[in-house]
Amino acid sequence: MSATVNFYFDKRKQKKDGTYPVKLRITYQRQQRYFPTEISLTDAQWEKVCKPKPREDFIRDTKALLDSISNRAERVIRNLPVFSFDEFENRYAGTIDTKSDNVFSLFESYIKQLTAEGRAGTADSYQCAKNALLAYHGRKTPLSFDDVTPQWLHGFETWMLSKKRSITSVGIYLRSLRTIYNLAIEEGLAERDVYPFTKRRYQIPTGRNVKKALVLADIEKIYHYPAEPMSAEERARDLWLFSYLCNGMNPKDICRLTYQQISGAHIRFVRAKTERTKREVKPITISITDDIQRILDNWGAKPATPTSYVFGVLTPGLSAEREMAVIKQFVKTLNKYIRQIAQTVGIDKDVTTYTARHSFSTVLKRSGAPIEFISESLGHQDIRTTESYLDSFEDDVKRQYASVLTGFKNIPKEQ
């Protein structure tokens, strides 16, 4: 039985300012131990924090900070070979280097932690964010958390755009910075009352949803493309179709798919993106169609032992860094061929592995599938994530519905 994490509003002794401390509570085999969080709230504030959708900035920020503390505790528990309260306390206290009293040193500490946990992709993303922030700061002096003001954030956004970087990249990098800032508050290295990432101070921009999905007619062109049998081009076409047919399966999950995840008429797997971040993740289940089976038969590695990788991209025992490099090369090669195929069949879009995932969700939407079904199929934890994936309808469908607005013109007038 795993240890559980929640919070305890300790009302045994009120502080001078009228607040009570919020403590982290760890429960294991009916035993409980409490750890301080440096967060104190009034009765009214605690009641609001416990509600699912708080409206006030302070309450939202506090809830986000508590979530950060909870996630950190759960991460420590997951990485313990055998749980004990003493070992949890030692690791929880030492997860972040408290000497990291500035933005870049705390970034570095967190990147090392991610790497140690085998989350090389996430570590790489935070490294990119750190590099961009370093380039903007441009000084030899450290960047303190007090320096990260709304004005500083607006300046970084303007600087990034002047360097022809996308607003999407700005959002990704600043969300990483926000996580680091929350960790700093948690460690007592930054003050909550000057927290810059609020609705009234500075809102992190979100990139415009670029339409990545293909219409069904274009997917049909790829499906029927006459590639030379057993060529690299045919393999790329089939693995792109495999992603599309298998709920928009991510390339990393395709590479990590093993035969033990294939049982009877179904494929069941947990996304690599979520297996380390959620305590209980529902596996994605895919029904094996004739097309999926054909791809498995043609390109599946042999012998088909339970623990062997289906498509032979990865080999056992790779480090997280090496695995990430191999997957990146796999994606690069697949994208090279699928772009060539798309151009040959006359598709006027940049077709990549990402297009397959978006096309899966959008084609289902256009067919009338409920968004809840699509969200579950994609393995999303939040339906809002699914909504961002869904493409707009084709122009001819828009014209069809627009014509309904003046349908009276087609009704014969009475003589």
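Note that the structure is predicted; figures quoted are calculated from it, not measured.

Topic: the overall build of the protein chain
Now for step 1: Secondary structure assignment for the protein chain yields 16 helices and six strands.
Now for step 2: Counting all 415 residues of the protein chain, 44% fall into the buried class.
Now for step 3: Within the protein chain, contacts between residues at least 6 apart in sequence are counted, and of these 58% link residues at least 24 apart.

Topic: the side chain of T353
Now for step 1: Assignment of secondary structure puts T353 in helix α13 (residues 353-366).
Now for step 2: Those residues in contact with T353 that lie beyond four places of it in its chain are W240, S243, P251, V331, L334 and N335.

Describing the sheet that holds strand β5 (residues 266-269)
Now for step 1: What the three strands build is an open sheet, ordered β4-β5-β6; its pairing is antiparallel. Here the strands that pair on one side only, and so sit at the sheet edges, are β4 (262-263) and β6 (284-287).
Now for step 2: Two strands pair when backbone bridges link them, and β5 and β6 are joined in this way by four bridges, in the antiparallel orientation. In the strand pairing of β6, H266 is matched with S287.

Observations regarding the sheet that holds strand β1 (residues 4-9)
Now for step 1: Strand order in this open sheet of three strands is β1-β2-β3, and the pairing throughout is antiparallel. Looking at the sheet topology across the chains shown, the edges are occupied by β1 and β3 (31-41). Ignoring strand direction, the axes of neighbouring strands in this sheet form an average angle of 25°.
Now for step 2: Where strand β2 (residues 20-28) meets β3, nine bridges bridge the pair, whose relative direction is antiparallel. Opposite K23, over in β3, you have P36 as the bridge partner.

Digging into the packing of aromatic side chains
Now for step 1: Under the counting rule described, the total for this entry stands at 20 aromatic pairs.
Now for step 2: Between K11 and the ring centre of Y20, over which it is positioned, the NZ or CZ distance is 5.5 Å.
Now for step 3: The ring of Y337 carries K336 above its face, with NZ or CZ at 5.3 Å from the centroid.

Rules and cut-offs
- The residue count restarts for each chain, going from 1 along the sequence in the order it is written.
- Only residues with pLDDT of 70 or above have their local features reported here, since the model is predicted, and side-chain atom pairs are shown and tallied only from 80 upward, although totals for entire chains, interfaces and linings are computed over all residues.
- Note: side-chain values were computed over all heavy atoms of the structure, leaving out hydrogens and water.
- Here a helix means four or more residues in a row that DSSP labels H or I, a strand means two or more in a row labelled E, and each is numbered from the N terminus.
- Remark: exposure states derive from per-residue accessible area (1.4 Å probe, protein chains only) relative to the maximum for the residue type, with buried under 20%, exposed over 50%, and partly exposed in between.
- Note on contacts: a residue pair is in contact if any heavy atoms of the two residues lie within 4.5 Å.
- When DSSP locates at least two bridges between a pair of strands, those strands are taken to pair.
- What counts as an axis is a line fitted to C-alpha atoms, over the stretch in contact for a helix, and the angles between N-to-C directions run from 0 to 180 degrees.
- Classification of ring pairs rests on two measures: the distance between centres of Phe, Tyr or Trp rings, Trp counted by its six-membered ring, which must be within 6.5 Å, and the angle between planes, read as stacked under 30 degrees, edge-to-face over 60 and tilted in between.
- Placement of a charge over a ring requires the Lys NZ or Arg CZ to be within 6 Å of the ring centre, with the centre-to-atom vector within 35 degrees of the ring normal.

Keep in mind these numbers describe shape, not what the thing actually does.
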